[in-house]
Amino acid sequence: MDLFGRLTIESLPFYSAIAASGAAVTVLGALAVVGAITYFGAWRMVLTEWVSSVDHKKIGIMYIMLALVMLVRGFVDAAMMRSQQAIAYNSEGYLPPGHFDQIFSSHGTIMIFFMAMPFLAGLANLIVPQQIGSRDVAFPFMNSISLWLTTAGAGLMLLSLVVGKFSTAGWTAYPPYSGVQFTPGVGVDYWLWMVFIAGFGSTMTGINFLVTIIKCRAPGMTMFRLPLFTWTIFVTSLLMIFAFPALTVACATLILDRNFDFHFFTNAMGGNMMNYINLFWLWGHPEVYILILPAFGVFSEVVAVFSQKRLFGYVSLVCATVAIGLLSFTVWLHHFFTMGSSARVNSFFGTMTTIISVPTGVKVFDWLLTMYRGRIIFKPPMLFTIGFLVTFVIGGLSGVLLALPPVDYMMHNTTFLVAHFHNMIIPGVLFGYLAGYMFWFPKAFGFKLNERWGTYAFWCWIIGFYVAFMPLYVLGLLGMPRRMEHYEIAAWQPHLIVAWVGAFIILLGMACLAVQLIVSIRERNEALDLTGDPWNGRSLEWATSSPAAPYNFAVLPQVEGRDAWWDMKARGVAYQRPDKYEDIIMPKNTYVGAVIGGAGFVFGFAMIWWMWWLAALALLVIFVAVVIRASDDDSDYVMPASEVKKIEDARFAELAKAPRNEMADDPGYAGDPVPEAT
Amino acid sequence: MTLEAMTVSPRDAEKYEEKEFGFWLYLMSDAVIFALLFATYLVMVGNTAGGPTGKELFSLERAAAETLVLLLSSTTFGFAAVALSAGDRSKVLMWLAITVLLGACFIFLEIGEFCGMIQEGAGPERSGFLSAFFTLVGTHGLHVSVGLLWICVMIGQVFFKGLTAPVASRLMRLGLFWHFLDIIWVVIFSVVYLPGVL
């Protein structure tokens, strides 16, 4: 059966009830989506307005939808692990070891590659062009390719639950274990190809946003007037361009090892497995900052808006962001202090790791000082920001502890480490993205998210976080290794049961997020954002309507200072109608991006299962699609001034109905914008 | 086709500039890929696992021939760029065709080298050193092959569309790519072949 490569009927998950139910949920979920689109007769809309869209706002929304779906999937994995460990004292629990290993591998892979990365790309897409006063990103079509390649990777991730087994090698896939000698089968290949394909998408996103921020700013928007969120996306894009090649090389060489009998990382024949670990973390550590810097950007926006005060220490925040970006390339070895480097090498990387906490500390003080003497309004995004500040500092301190190589020798591969990085990533990254989601939701959809359920979600998340992860610090100090399927030490179990309770509280937080979304959609008419500026915002994304017109700005704004929109409101030049409108050139929608993503998905699947003919066919499709697109000199259309005028007239009619300032009724409102000393 | 046909609106000029800048960034990230492959090669150059070393395998004559045709192809691409700015369509086509021929010669020589090594039992599965060698040089070869396909597509575009502004801007980026591969090859020659043979 060459036609199907190594794919056989035994690859379907009928060998275990748990695996089969996971597959069933995945398949039924996909069928439910297809069914719902059919039921609502929405195929035409989905295809012509979304799948083929090159509009950065729609691409951003699709990224975030992907991220939220994958957040649920990744959370299910986490809950399964917590449940297993809570009961697995002197017992096998309910998960066999191989299955447990798949679950911790997929949890990490999903949360990093298919939850956090799409979430950050989505927020960047939604907001950055509007913050810099641009009509779109520099390369709208490439943006669509990035989205669909990321989706192709996520699709392979979901498919791995249905066809074949996933990797058991953790989200880092260290050789020699991940080599074909010790882990035959398709699991690691699934991991490699999904990461490889999604990685291309991320590299292109990095290039796209760097060019956008450098070349597409509105007149007067100098680099030192950029909002902090845009600054963090700028540095994150640089890191993507420079760091993702390392992941590409690590994956490509491991693919060659596994499938074509190369010897990069094998035990025998001159392989060098440490090289993989270096390459992986050469990407992996910058990746941590790729994820967290945009969240820092969100916090910087949120803290200023809801303290109703200019961001404290703008320049120091920019410098700290850039410094973190540079330093992030000098610390990768702290992920493997115990793997045989000399004391001298370890002490260099330990020192650098300690140093990188300095700019991070600068940021924390800047945020605190922004709140100092501000009139704080406790909306959900602000709650997440404050929760982040308190919790993140604890995680940072445990990080400084781990940066000392002798201490790391004690903690390496224990749950102390697990507690540490969750302590950074959940408040640092996830809280930031959730804050951004609630902060910018009105900009994307034109109505605000329910605040009560947002507040409930916050409290469940933060309490759940502490209950779930503080016991893991203790367990690490008690010597519990990470990734244990069962154990014989009675002293560990109480802590693991507490952690399980914490996971349950986080589950409530997930439920609150879902309820919040449903309630908000149902009651959207009571929370409409008519002005486009629901929070009395400071940066230019609040100058557009909510949701923004396809072209964002009918007339490109003239920027006169930092906090450009606040400044315009203070000078009384906000919401001004131009004398006349001009034609606007817009990119046409195209299916080529989705075709390339789909072919990328097929290519990955074919390579995993050794269906060489299908892989060749998919490559051919990509080649033809690229050539067709590259020969198309007519990819733009002109939106006539009359149509712009029609959209803008509707906007100003809404504005006339709306209160001038949607925050003015809030009890904590500190007063209308006034000119600020610069 | 005269130069007037190539004058572009300020907005289009801006778009081409953005594309060129984006392409530079892509080349930068590609350069990082090659840098890491070079580093990997240097780490593994001694890991021959009892198999043949570079000294036994590499032929300086063949490497010199490969270098010659590739550098020549860069020169002929340069002539195509000169013809482009002179607006001479048939010369552009001629020089691009010559570039394709030279590039194909390079690929032919490289495939011959690879096949010879594999027949001698010195394929990538023989040792860590050879895995790194085939991956580094093969990745460059793959880039050259993609570049050749791209030149062929551009020959088609020049032929059917003429030297329009979008075509000219694509040719500029193709030029960047082609010369970039030349630079990578010079480094491969200096890091892989010269020390291997000397």
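Values in this document were obtained by computation on a predicted structure and should not be read as measured data.

Turning our attention to unusual backbone geometry. Residues and elements named next belong to chain A. In this structure, Pro176 follows Pro175 across a cis peptide bond, with omega equal to 5°. Along the polypeptide, Pro176 turns up in the loop between α5 (140-159) and α6 (187-215). For the bond from Ser546 to Pro547, the omega torsion is -10°, close enough to zero to count as cis. Checked against the element boundaries, Pro547 lands in the loop between α15 (493-522) and α16 (564-570).

Now for empty space enclosed by the protein. All names here are of chain A. This structure, assessed with the given rule, holds seven cavities of 30 Å³ or more. Of the volumes computed, that of the largest cavity is approximately 120 Å³. Around the largest cavity, the lining is made up of 13 residues, and of these Pro227, Leu228, Glu301, Leu311 and Asp563 lie nearest the centre. Counting residues per element, the lining of the largest cavity draws most heavily on helix α8 (residues 273-307), which supplies three residues.

As for its placement among the helices and strands, Asn275 of chain A is situated in helix α8. On the basis of relative accessible area, Asn275 of chain A is assigned to the buried category, the value being 11%. Here the side chain of Asn275 of chain A touches Thr40 of chain B through a polar contact of 3.5 Å, side chain to side chain. Ignoring any residue separated from it by four or fewer positions in sequence, one finds Asn275 of chain A in contact with Phe265 of chain A together with Thr40 of chain B.

Within the secondary structure, Ala527 of chain A is located in the loop between α15 and α16. Through-space distance from the C-alpha of Ala527 of chain A to that of Gly446 of chain A is 8.7 Å; in sequence the pair is 81 residues apart.

Contacts between the two partners involve 35 residues from chain B, matched on the other side by 35 residues from chain A. Summing both partners gives a buried area of about 2900 Å² for chain B against chain A, and 69% of it is carried by carbon and sulfur. Counting the contacts that link chain B with chain A gives four salt bridges. Salt-bridge contacts for Asp633 of chain A lead to Arg170 of chain B; the nearest nitrogen and oxygen are separated by 2.6 Å. Run the count over chain B and chain A and you get 12 residue pairs in polar contact (both at pLDDT 80 or more). Secondary structure elements with two or more residues in the side of chain B that touches chain A: α1 (10-44), α5 (128-161) and α6 (165-197) of chain B. In terms of residue count, α1 of chain B provides more of the side of chain B that touches chain A than any other element does, 18 residues in total. Residues of the side of chain B that touches chain A, tallied by class, amount to 16 nonpolar, 10 polar and nine charged.

Our next topic: the nonpolar core. Core analysis: the biggest nonpolar cluster contains 265 residues, and Trp367 and Trp461 of chain A together with Phe133 and Tyr193 of chain B have the highest contact counts within it. No other element matches the 20 residues that α8 of chain A contributes to this core. Formed by 11 residues, the second largest nonpolar core is a distinct cluster that contains Ala42, Val46, Ile59 and Met62 of chain A.

Moving on, we come to the packing of helix α4 (residues 89-119) of chain B against α5 of chain B. Residue and element names in this part refer to chain B. Look at α4 against α5: their axes get within 10 Å of each other, and the N-to-C directions meet at 155°. Here α4 is positioned roughly antiparallel relative to α5, judged by the angle of their axes. Handedness of the crossing formed by α4 with α5: left-handed. Grouping the amino acids of the contact of α4 with α5 by side-chain chemistry returns 23 nonpolar, six polar and three charged.

A few words on the confidence of the model for chain B. Scored by pLDDT, chain B has a mean of 94; 96% of the residues are at 70 or more. Every residue in residues 1-5 of chain B is under pLDDT 50, and counting partners more than four places away or in other chains gives four contacts.

Another aspect to go through is α4 of chain B. An α-helical turn contains 3.6 residues, so any two residues separated by three or four positions project in the same direction. The terminal C-alpha atoms of α4 of chain B, which comprises 31 residues, lie 45 Å apart, in line with the 45 Å expected from a rise of 1.5 Å per residue. Looking one or two residues beyond α4 of chain B, the residue adopting positive phi is Gly121 of chain B, at roughly 80°.

This part covers the packing of aromatic side chains. In the structure shown here, the tally under the stated rule is 74 aromatic pairs over all chains. Ring centres 5.6 Å apart and planes at 50° place the aromatic pair Trp150 of chain B and Phe177 of chain B in the tilted group. Pair noted here: Trp150 of chain B is in helix α5 and Phe177 of chain B is in helix α6, with a separation of 27 residues, a long-range link. The interplanar angle of 40° and the centroid separation of 5.8 Å between the aromatic rings of Trp185 of chain B and Tyr193 of chain B together place this pair among those described as tilted. As far as the burial class goes, Trp185 of chain B and Tyr193 of chain B line up, both buried. An aromatic cluster of three or more residues is present, and its members are Phe113, Phe114, Trp171, Trp191, Phe244, Phe262, Phe264, Phe265, Tyr276, Phe280, Trp281 and Trp283 of chain A. A cation over a ring is seen here: Lys448 of chain A above Trp535 of chain A, with NZ or CZ 5.7 Å from the ring centre.

Rules used in this analysis
- Residues numbered from 1 in each chain as written.
- Chains lettered and ligands numbered in written order.
- Predicted model: local features only at pLDDT ≥ 70, side-chain atom pairs only at ≥ 80, totals over all residues.
- Heavy atoms only, no water.
- Helix = DSSP H or I, 4+ residues; strand = E, 2+ residues; numbered from the N terminus.
- 1 Å grid on protein atoms, 1.4 Å probe; cavity = no way out; pocket = protein on both sides within 12 Å on 5 of 7 lines; lining within 4 Å.
- Points joined across faces, edges and corners; volume = space filled by probe spheres on them.
- Buried < 20%, exposed > 50% of the residue type's maximum accessible area, 1.4 Å probe, protein only.
- Polar contact = N/O pair within 3.5 Å; in protein donor to acceptor, adjacent residues only side chain to side chain.
- Contact = heavy atoms within 4.5 Å.
- Buried area = accessible area lost by both parts, 1.4 Å probe.
- Salt bridge = Lys/Arg side-chain N within 4 Å of Asp/Glu carboxyl O.
- Nonpolar A, V, L, I, M, F, W, Y, C, P; charged D, E, K, R; others polar.
- Core = buried A, V, L, I, M, F, W, Y, C linked by side-chain atoms within 4.5 Å.
- Axes fitted to C-alpha atoms, helices over the stretch in contact; angles between N-to-C directions.
- Parallel < 35°, antiparallel > 145°, perpendicular 65-115°, else oblique.
- Left-handed = near helix turned anticlockwise from the far one by under 90°.
- pLDDT = per-residue confidence, 0-100.
- Expected span 1.5 Å × (residues − 1).
- Phe/Tyr/Trp six-rings, centres within 6.5 Å; stacked < 30°, edge-to-face > 60°.
- Lys NZ or Arg CZ within 6 Å of the ring centre and 35° of its normal.

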